[in-house]
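# Architecture and fold: a report
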Amino acid sequence: MKKSLALTIGYLYGRLMNTYGDTGNVICLKKRAEERGIKVDVLAIDLNYDPKKDGVADLYFFGGGQDQAQEEVSQDLIKRHSGKFIKEEVEKDKPLLAICGGYQLLGEYYEPQNGPKLAGLGIFKAYTQGSAQRMIGNIVIRIQNLELRIKSEEKDNSSLLVGFENHSGKTFLKEGAQPLGTIIKGFGNNGEDKTEGCIYKNAIGCYMHGSLLPKNPKLADWLIKKALEVKYGEEIKLEPLEDELEQKAHQAAIQRFSK
Ligand code: GLN
């Protein structure tokens with residue numbers, strides 16, 4: 001691995017969109033990169049952000065939030081530079097992780113039960129309809145996207161992800177949209193079709209708070225690796241970390257919540 005690697009993590013609307021420990025994802029990415037000697041900066045991308053003035057990132061995170069915050073963010077995304085810019089970044093293969101409310105705003109629209117339809121960016125071919133049902137609890141999924149699978153799989157559960165969901169919006173994938181995974185336990189996209197999340201290029205949207213990445217360290221490493229590969233234009237091998245405890249916590253959570 002190169003000596004002086006650097007990574008900028010763009011935290012989208014972190015002040016408005018950050019529920020159920022979502023900031024933990026940014027902390028986890030930062031720590032896992034820094035432990036490998038990678039220099040990390042976190043760029044706050046808030047309302048009125050201008051990429052030309054404020055700079056760009058190598059990897060993006062977008063957390064969940066309540067309907068009121070989503071309304072404000074949706075307007076900013078649509079009216080200002082941020083929306084167009086985020087779409088362009090995803091098209092350049094930069095990785096992005098969006099959770100719950102953030103995920104909903106990267107689909108085509110989110111229509112809350114009470115209130116106006118909120119426009120989304122349409123990065124994911126999906127739409128979200130508010131419902132009277134609250135889908136809440138621990139969630140375990142099996143990843144479908146091949147690149148995210150890690151070889152020794154079944155034994156160590158590394159093709160499984162675990163998180164915590166709490167939403168009433170039901171997301172439906174349109175034809176051609178690729179789910180992130182299938183439900184083992186929990187509700188996922190809509191509680192009906194056993195899909196969870198969506199993946200487009202290196203952008204992942206899902207309903208898993210938790211925080212997701214500390215509970216699923218291999219997914220965190222996948223995002224870091226992809227970000228560095230896109231940035232430096234070459235294959236990057238991340239050094240293994242002494243993370244036996246994190247891996248054990250991942251497996252214990254899966255065993256406990258799969259039942
Ligand atoms: N407003 C959304 C819903 O309840 C998002 C909630 C969240 O991000 N946790 O469906």
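Please refer to the structure placed before this passage.
Attention in this report is confined to the structure presented alongside it. (Residues numbered from 1 in each chain as written. Predicted model: local features only at pLDDT ≥ 70, side-chain atom pairs only at ≥ 80, totals over all residues. Heavy atoms only, no water.)

Turning to its location among the elements, methionine 208 is positioned in the loop between β12 (203-206) and α7 (212-215). With 133 residues separating them along the chain, methionine 208 and glutamine 75 place their C-alpha atoms 24 Å apart. Residue contacts for methionine 208: discarding those within four places in its chain leaves Ile99, Ile139, Ile141, Leu161, Val162, Gly163, Phe164, Leu180 and Glu196. (Helix = DSSP H or I, 4+ residues; strand = E, 2+ residues; numbered from the N terminus. Contact = heavy atoms within 4.5 Å.)

Once that is clear, we can look at unusual backbone geometry. Of note, the amide linkage connecting glycine 210 to serine 211 takes the cis form, showing an omega dihedral of -5 degrees. Within the secondary structure, serine 211 sits in the loop between β12 and α7. Here the phi dihedral of tyrosine 20 falls at roughly 50 degrees; this positive angle occurs in a residue that is not glycine. Along the polypeptide, tyrosine 20 turns up in the loop between β1 (6-12) and α1 (23-34).

Attention now moves to the pattern of salt bridges. What the rule picks out here adds up to 17 salt bridges. For aspartate 46, the salt bridge goes to arginine 15, with nearest N and O atoms at 3.4 Å. Residue aspartate 46 is located in the loop between β2 (39-45) and α2 (51-54), and its partner arginine 15 is located in the loop between β1 and α1; the two are separated by 31 residues in the primary sequence. Measuring nitrogen to oxygen at the nearest pair gives 3.9 Å for the salt bridge that ties glutamate 235 to lysine 225. Pair noted here: glutamate 235 is in the loop between α8 (217-232) and α9 (244-258) and lysine 225 is in helix α8, with a separation of 10 residues, a long-range link. With a relative accessible area of 61%, glutamate 235 lands in the exposed category. Exposure remark for lysine 225: the relative accessible area of 25% places this residue in the partly exposed category. Each of the salt bridges in this network shares a partner with another, and the network as a whole consists of Arg32, Arg36, Asp221 and Asp243. (Salt bridge = Lys/Arg side-chain N within 4 Å of Asp/Glu carboxyl O. Buried < 20%, exposed > 50% of the residue type's maximum accessible area, 1.4 Å probe, protein only.)

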